[in-house]
Amino acid sequence: MTGITKSFPGVRALDGVDLTVQAGEVHCLLGQNGAGKSTLIKVLAGAHQPDDGEILWRGTRTRLKSPIAAVRLGIATIYQELDLVEHLSVAENVFLGHEPTVAGFVVQGREARATTSALLKRLGHSEIDPGALVGELSAAQQQIVSMARALSHDARLIVMDEPSAALDPDEVRNLFRIVDTLTSAGVAVVYISHRLEEIRHIGERVTVLKDGRSVADGLPARSTPTRDIVSLMTGRTVENVFPRRSPALSSAVAKAPPVLSIKELSLEGQFAPVSFELRPGEIVGIAGLVGSGRSEILETIYGARKATSGQVFVAGEEIRSGSVRAAVRAGIGLAPEERKAQALFMLESVTRNVSVSSMSRFARGGWLHRGSEREAAQRATRDLVLRPDRPDTPVKNLSGGNQQKAVLARWLLRGCKVLLLDEPTRGVDIGARAELYAVIRRLADEGLAVLLVSSEVPEVLGLADRVLVLREGHVVHTAPARDLDEHRVLDLVLEGNTAS
């Protein structure tokens, strides 16, 4: 791809981007949210038509008129939000749109299942049943199904957009093994990730986008310093990503009475009884694999799940289990992992997304006072430096980091005492992550109690004051974050060595 440009009303998304990918290589595409990565891969997938520029495929100039045209050439895209049909089987998803048929209209289901089984075996996942419903599979297994679908088209280039975002360390290692198998067979992979440490393990060359332009094309992935890559992505050097807490504040937190007390809380089939306390100004992190019960603990505290046993106290008052309304009224707010599906109204404005948990404050005689609502929401978003500073902007137009700030602003406006954060930086680039880390630390310094879940162990250790290590629903270790390192946490998570 040479000199690719693409404009939308009021926005020049791509401004002369170059990308060269070789057969059998892993080419990493990096950039902050809004840098143009999504637009570029949609051009490559045939979903967008470029305004200008040239695409050469295997040495021949081509025009990708549609996603079907791209797939027929051998270009497949696996998006971060997988486009699978949950109520169809694995085999039906793999061959959706190009089903093997007799006489052009009778679908050969047996052949589809057999070929799907062979593709899954090639990917090292013969345990996945071609007849199983996709909606019943884990996130990692669904990703394998997407790869099998790409291979069913004899793809020669596969674009993977944030493929590791929902995977635990073992699943990430398996993903890398699969990518290595593909590239060994001559398949090219364009790999997009915000996790720079992954680039060292899997990448061969790197292209960096910034503000719709390619500021680096073909850098060696393993030898280019992280500092240089970050500088290219952000236009600045990001130092001290995790903000420090002053010893005086830490001492004050230790003396404060708990604002959240969890006593023998359990959810059958998800996590065993757990007890801990959270003080104003404290950040407690939960580290564990996907499926270990991390998110379920947060959801149970929030009232989205009804506990099997145990109690939740806020400021000494017990709140009713299984009631979100009771939790919110007590001062608990949740920023869930799937913010687009579970937290945000994507077509509504920033104002409405921020004010939704506090609407009664702006009601007068059954009517909503929109001026007061807008003013209060804007104060909350400005406090978090949400950009752009336009409260009427639809939240779908914001970057991932600013969408997360909109969720946080909702709970600031509500005046919550306890903030539950589930994967707060998922899909957020490194520059925006640094901003979110600073916001979370500042909120804690101002007295907010934070309970944090993250798949990234360095994030838990860098933000939290204290860490609970979770394995298969059991807390196997509790310690100050300063007393732990990534290897120790992973050992506990994977081996389950119990300690107190």
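Reading the values: rules and limits
- Along each chain, residues carry numbers from 1 onward, in the same order as the chain's sequence is written.
- Reporting of local features is limited, given that this is a predicted model, to residues whose pLDDT is at least 70; pairs of side-chain atoms are given and counted only at 80 or more, and all residues count toward the totals for whole chains, interfaces and linings.
- Remark: hydrogens and water are excluded; side-chain values derive from all non-hydrogen atoms of the structure.
- To sort residues, take the accessible area from a 1.4 Å probe on protein chains only and compare it with the maximum for the residue type: under 20% means buried, over 50% means exposed, and anything in between is partly exposed.
- Only runs of H or I of at least four residues qualify as helices and only runs of E of at least two qualify as strands under DSSP, and these elements are numbered from the N terminus.
- Two strands qualify as a pair provided that DSSP identifies no fewer than 2 bridges between them.
- For helices, the fitted axis covers only the stretch in contact; all axes are lines through C-alpha atoms, and the angles between them, taken along N-to-C directions, range from 0 to 180 degrees.
- Whether two residues are in contact is decided by their heavy atoms, any of which lying within 4.5 Å being enough.
- Given a helix with a known number of residues, its expected span is that number minus one, times 1.5 Å.
- In plain words, nonpolar cores are sets of buried Ala, Val, Leu, Ile, Met, Phe, Trp, Tyr and Cys residues tied together by side-chain atoms within 4.5 Å.
- As a per-residue measure, pLDDT tells how confident the predictor is, with possible values from 0 to 100.
- Classification of ring pairs uses Phe, Tyr and Trp, with its six-membered ring standing for Trp, and accepts pairs whose centres are within 6.5 Å; under 30 degrees between planes counts as stacked, over 60 as edge-to-face, and the remaining range as tilted.
- Here, a charge over a ring is recorded when the distance from Lys NZ or Arg CZ to the ring centre is within 6 Å and its angle to the ring normal is within 35 degrees.
- Surface patches are drawn from residues lacking salt bridges whose relative accessible area is over 30%; two like charges belong together within 9 Å, two nonpolar side chains (Val, Leu, Ile, Met, Phe, Trp, Tyr) within 5 Å.
- In short, Shrake-Rupley with a 1.4 Å probe defines the accessible areas, and a residue's cover is counted only from the protein chains shown.
- For this analysis, a salt bridge means a side-chain nitrogen from Lys or Arg found within 4 Å of a carboxyl oxygen belonging to Asp or Glu.
- This count recognises Lys and Arg as positive and Asp and Glu as negative, with His and chain-terminal groups excluded.
- By convention, the point assigned to a charge is CZ for Arg, NZ for Lys, CD for Glu and CG for Asp.
- Two N or O atoms count as a polar contact when they lie within 3.5 Å, although within protein this holds only if one can serve as hydrogen donor and the other as acceptor, and sequence-adjacent residues are included solely when both atoms are side-chain atoms.

K.L.:
For this particular structure, what's the right way to read the pairing of strand β10 (residues 188-192)?
P.N.:
The side chains of a regular strand alternate, residue by residue, between the two faces of the sheet. Extensive coverage of β10 is indicated by the burial of five of its five residues. Of the two faces of β10, both are covered, the one formed by Ala188, Val190 and Ile192 as well as the one formed by Val189 and Tyr191. Relative to β10, strand β3 (residues 26-30) is paired through four bridges, and the arrangement is parallel. For His27, the partnering residue across the bridge sits in β10 and is Val190. Two strands pair when backbone bridges link them, and strand β9 (residues 157-161) and β10 are joined in this way by five bridges, in the parallel orientation. What sits directly across from Val159, in β10, is Val190.

K.L.:
Which parts of the structure should I look at to understand the sheet that holds strand β4 (residues 52-57)?
P.N.:
In a beta sheet, neighbouring strands pair by backbone hydrogen bonds and run either parallel or antiparallel. One open sheet accounts for four strands, arranged β2-β1-β4-β5; its pairing is antiparallel. Whereas interior strands pair on both sides, the edge strands pair on one side only; in this sheet they are β2 (11-17) and β5 (60-62). Averaged over neighbouring strand pairs, the angle between their axes works out to 35 degrees when direction is ignored. Examined bridge by bridge, strand β1 (residues 2-8) and β2 share five bridges and lie antiparallel to one another. Paired with Lys6 across the bridge in β2 is Leu14. Where helix α1 (residues 37-44) meets the sheet, its contacts fall on β1, β2 and β4, and the angle it forms with β2 comes to roughly 65 degrees.

K.L.:
I keep staring at helix α16 (residues 430-445) and nothing clicks. Help me out?
P.N.:
One full turn of an α-helix is made of 3.6 residues, so residues set three or four places apart face in the same direction. Across its 16 residues, α16 extends 22 Å between first and last C-alpha, which sits within 8% of the 22 Å expected from 1.5 Å per residue. Among the 16 residues that make up α16, twelve are buried, leaving the element largely enclosed by the rest of the structure. Among all positions of α16, only Ile430, Gly431, Ala432, Arg433, Ala434, Leu436, Tyr437, Val439, Ile440, Arg441, Leu443 and Ala444 are buried. The positive-phi residue at the C-terminal boundary of α16 is Gly447, with phi of around 110 degrees.

K.L.:
Just to check I follow, could you spell out the nonpolar core for this structure?
P.N.:
In this structure, Leu260, Ile301, Ile332, Leu420, Leu451 and Val467 are the most contacted members of the largest nonpolar core, which totals 82 residues. It is α16 that provides the largest number of residues to this core, a total of seven residues. Not counting residues within four places of it along the chain, the set of residues in contact with Leu451 comprises Phe276, Leu278, Val284, Ile286, Leu298, Ile301, Leu419, Leu420 and Leu421.

K.L.:
Help me out: how do you make sense of the confidence of the model for the protein in this one?
P.N.:
As a general rule, the predicted coordinates of low-pLDDT regions are not to be interpreted in detail. A residue-level look at the protein finds 96% of positions with pLDDT of 70 or above and a mean pLDDT of 88. A low-confidence stretch, residues 496-500 (pLDDT under 50), is modelled with eleven contacts involving residues beyond four sequence positions or located in other chains.

K.L.:
So what exactly am I meant to see when it comes to the packing of aromatic side chains here?
P.N.:
Each aromatic ring pair is summarised here by two numbers: the centre-to-centre distance and the angle between the ring planes. According to the stated counting rule, one finds two aromatic pairs in the structure shown. Here Tyr302 and Trp411 contribute two aromatic rings whose centre-to-centre distance is 6.3 Å and whose plane-to-plane angle is 80 degrees, an arrangement assigned as edge-to-face. Here the residue Tyr302 occupies a position in helix α10 (residues 294-302), and Trp411 occupies one in helix α15 (residues 400-414), the gap between them amounting to 109 residues. Both residues of the pair, Tyr302 and Trp411, belong to the buried class. Here the basic side chain of Lys263 rests over the ring of Phe313, its NZ or CZ set 5.1 Å away from the ring centre.

K.L.:
Explain a negative patch on the surface here, please?
P.N.:
A cluster of acidic side chains, namely Glu197, Asp485, Glu486 and Asp491, defines a negative patch on the protein surface. Checked against the element boundaries, Glu486 lands in helix α18 (residues 486-495).

K.L.:
Can you help me understand the pattern of salt bridges in this one?
P.N.:
Side chains that carry opposite charge are capable of pairing whenever their charged atoms lie near each other. Per the stated rule, a full pass over the model turns up 23 salt bridges. Close ionic contact of Glu299 with Arg305 constitutes a salt bridge, the shortest N to O distance being 2.6 Å. When the shortest N-O distance is used, the salt bridge between Glu338 and Arg426 registers 2.7 Å. With a gap of 88 residues between them, Glu338 in the loop between β18 (332-335) and α12 (339-342) and Arg426 in the loop between β21 (418-422) and α16 connect regions that are remote in the sequence. Ionic contacts of the salt-bridge type, sharing partners, join the residues Arg12, Asp15 and Arg213 into one network.

K.L.:
Could you clarify how one ought to interpret the side chain of Lys405 in this entry?
P.N.:
Note on placement: Lys405 falls in helix α15. The buried category is assigned to Lys405, whose relative accessible area is 3%. A distance of 3.3 Å separates the side chain of Lys405 from the backbone oxygen of Leu384, its partner in a polar contact. Beyond its immediate chain neighbours, meaning those up to four positions away, Lys405 contacts Leu384, Val385, Leu386, Glu435 and Leu436.

K.L.:
Looking at this structure, how should I read the pairing of strand β14 (residues 271-278)?
P.N.:
Strand direction decides the pairing type here: strand β13 (residues 260-267) and β14, joined by five bridges, are antiparallel. The residue of β14 that forms the bridge with Leu265 is Val274. Where β13 folds back onto β14 in an antiparallel hairpin, the turn is made up of three residues, including Gly269, whose phi is positive at roughly 85 degrees.

K.L.:
Looking at this structure, I do not really get unusual backbone geometry. What am I missing?
P.N.:
Pro388 follows Arg387 through a cis peptide bond whose omega is 0 degrees. Notably, Asp154 is not glycine yet its phi reads approximately 55 degrees, a positive angle. With respect to the helices, strands and loops of the structure, Asp154 is situated in the loop between α5 (139-152) and β9. One non-glycine residue, Glu162, lies in positive phi territory at about 50 degrees. Counting through the fold element by element, Glu162 comes out in the loop between β9 and α6 (169-184).

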